[in-house]
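If you want the building blocks of each chain, they are given just below.
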Amino acid sequence: ADRLHIIGGGMAGSEAAWQAAQAGVPVTLHEMRPKVATFAHRTGSLAEMVCSNSFRSDDSEQNAVGLLHWEMRAAGGIIMETADAHRLPAGGALAVDRDPFAEAVTARLLAHPLISIEYEEITALPDSGNWIIATGPLTGSGLAQAIAAEAGQDSLAFFDAIAPIVHFDTIDMDTAWMQSRYDKGETEEERTAYINCPMNREQYEAFIDALLAAEKTGFKPGETAGYFDGCLPIEVMAERGRETLRFGPMKPVGLTNPHNPTEKAYAVVQLRRDNALGTLYNIVGFQTKMKYGAQKSVFAMIPGLQDASFARLGGIHRNTFINSPTLLDDQMRLKSKPHIRFAGQITGVEGYVESAAMGLLAGRMAVAEMTGTTLPPVPQTTAMGALIHHITGGAEAKTFQPMNVNFGLFPPVIAKGGRKGRQVRYKMYTDRAKADWQDWLGLREAAE
Ligand code: FAD
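The rules behind each value
Residues numbered from 1 in each chain as written. Predicted model: local features only at pLDDT ≥ 70, side-chain atom pairs only at ≥ 80, totals over all residues. Heavy atoms only, no water. Salt bridge = Lys/Arg side-chain N within 4 Å of Asp/Glu carboxyl O. Helix = DSSP H or I, 4+ residues; strand = E, 2+ residues; numbered from the N terminus. Buried < 20%, exposed > 50% of the residue type's maximum accessible area, 1.4 Å probe, protein only. Contact = heavy atoms within 4.5 Å. Near = heavy atom within 4 Å. Polar contact = N/O pair within 3.5 Å; in protein donor to acceptor, adjacent residues only side chain to side chain. Areas by Shrake-Rupley, 256 points an atom, 1.4 Å probe, with all protein chains shown as cover. Nonpolar A, V, L, I, M, F, W, Y, C, P; charged D, E, K, R; others polar. Pairing = 2+ DSSP bridges. Axes fitted to C-alpha atoms, helices over the stretch in contact; angles between N-to-C directions.

Draft legend 1. Molecular detail of the pattern of salt bridges. The tally for this structure, following the rule as stated, stands at 18 salt bridges. Note that R242 is salt-bridged to E205, the shortest N-O span being 2.8 Å. In this pair, R242 sits in the loop between α8 (234-240) and β12 (267-273) while E205 sits in helix α7 (residues 201-213), placing the two residues 37 residues apart along the sequence. According to the relative accessible area criterion, R242 is partly exposed, its value standing at 34%. Linked through salt bridges whose partners overlap, the residues forming this network are D58, R73, D84 and R87.

Draft legend 2. Examining the environment of E31 more closely. Take E31: it is sitting in strand β2 (residues 27-31). Taking C-alpha positions, E31 is 24 Å from Q331, a pair spaced 300 residues apart along the chain. With residues up to four places along the chain from it excluded, the contact list for E31 reads G8, G9, G10, L46, E118, Y119 and E120.

Draft legend 3. Inspection of the site of the ligand at higher detail. Neighbouring the ligand are 30 residues; A12, E31, R33, I122 and Q345 lie closest to it. Here S52 contributes a backbone N or O atom positioned 3.2 Å from an oxygen atom of the ligand. Look at the ligand: alone it shows 980 Å² of surface, and the protein chains cover 92% of it. Breaking the shell around the ligand down by element, the ones donating at least two residues are α1 (11-22), β2 and α11 (352-370). Looking at the shell around the ligand residue by residue, the class counts come to 12 nonpolar, 14 polar and four charged.

Draft legend 4. View of the sheet that holds strand β7 (residues 130-133). If you trace the six strands from one edge of the open sheet to the other, you get β6-β2-β1-β7-β17-β16, paired in mixed fashion. Edge positions in the sheet fall to β6 (115-119) and β16 (333-334), since each has one partner strand and no second. Examined bridge by bridge, β16 and strand β17 (residues 337-342) share two bridges and lie antiparallel to one another. Among the inter-strand pairings, R333 is bridged to a residue of β17, identified as R341. The strands that α1 touches are β1 (4-7), β2, β6 and β7; relative to β2, the one it contacts most, it runs at about 170 degrees. Against the sheet, α11 makes contact with β1, β7, β16 and β17, and its axis sits at roughly 150 degrees relative to β17, the strand it touches most.

This is the structure we're talking about:
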């Protein structure tokens, strides 16, 4: 029978292997550890959790990652099942006893009659066959070079430089306004691409003081800083001079504040639309190594963002990922070599759970293709669908940065301008998602 090859036995590769083997397709999993180490992994186990031991919130009614847990459990899979079996008490979070968890995933995959594991590093793109690349944020350098050669240097990143992302409906538009600099842009879409937050001189000086004083994180050993070209952290810019930001990302030129047309802003913080839905905006040029707590208090000083809630905070990390919106089709296949799928963090999702989720979908998509069918599109109203839609088309390709699952990726549950309390809205998102996900799983069974 046809065999599925998977490179990388992390969160995504382990789940993809399990999904395919459970569906009757033989799998070879290629894993470079323990022969080749990374700076973050400590063991030779598959599905090692490299940092925190948490799958984050397990609340499937009020939290998007909790919803993703729910959907993965409904679909059945090795990562959630084994995490549940090695759960540690942690309130509303799903904390995992990491070593027994990874050892159990490894043992179950090794014991599966349809799975074989080759402990080897793959350094070239395969020419033929059925493949999934799930090599994660620390992809081996040989394979990373081969991917860059195929996709183009600009389509593979080695660091993420994440600017904070804000939920649009928490921006105070009585203070901020929409306008692109020098009114560039012809279409409604282009004109609503930017939101501006004005600062007067006192506000700017206080903001710089706060940036300089904020607590920051350093790089881990081995995580060499190669980021200094073009994506300096804002606090480093501020250290270079108090005016640097005002002549950089916070320059106030080409903009007129309709709330206060006679007074020229001293500095302007710009946000740029981050997804096609217009529910998320990123703060332009605001990549940072400030600690999360510090980011929240410093960004709350920006007029218009005083009550902002963040889909994700900023960061700079070692992270290998491809520009999925341009490179992948909606079946997660590399457009230029469709016998290769990508899954996991290398596709531009972020986190253990999101990576495993994309492994689950890639495994099922590969099986469908190998058995002569195609899965129907995953509804964007589900957490699974919101994620895959974001990476394969919904995200802005030019500013593509890794993303956690969050409700900003879902089509809104209520019309723009409509008001409902947060709890009510979140429950509406998760109810809709659960119904649509169950339908999709049923549809799939009916199609088989
Ligand atoms: P991985 O789990 O990394 O699996 C990829 C596998 O591929 C690895 O086993 C690797 O050895 C193997 N591999 C790589 N290249 C090759 C090759 N050429 N040939 C063969 N095998 C290869 N996420 C969280 O949710 N919480 C956190 O606290 C967190 N902290 C992190 C801290 C650090 C320092 C890093 C780097 C990442 C962190 N992440 C965290 C992200 C998390 O690691 C990923 O989301 C998740 O592990 C990605 O799953 P994956 O399967 O895509 O990649």
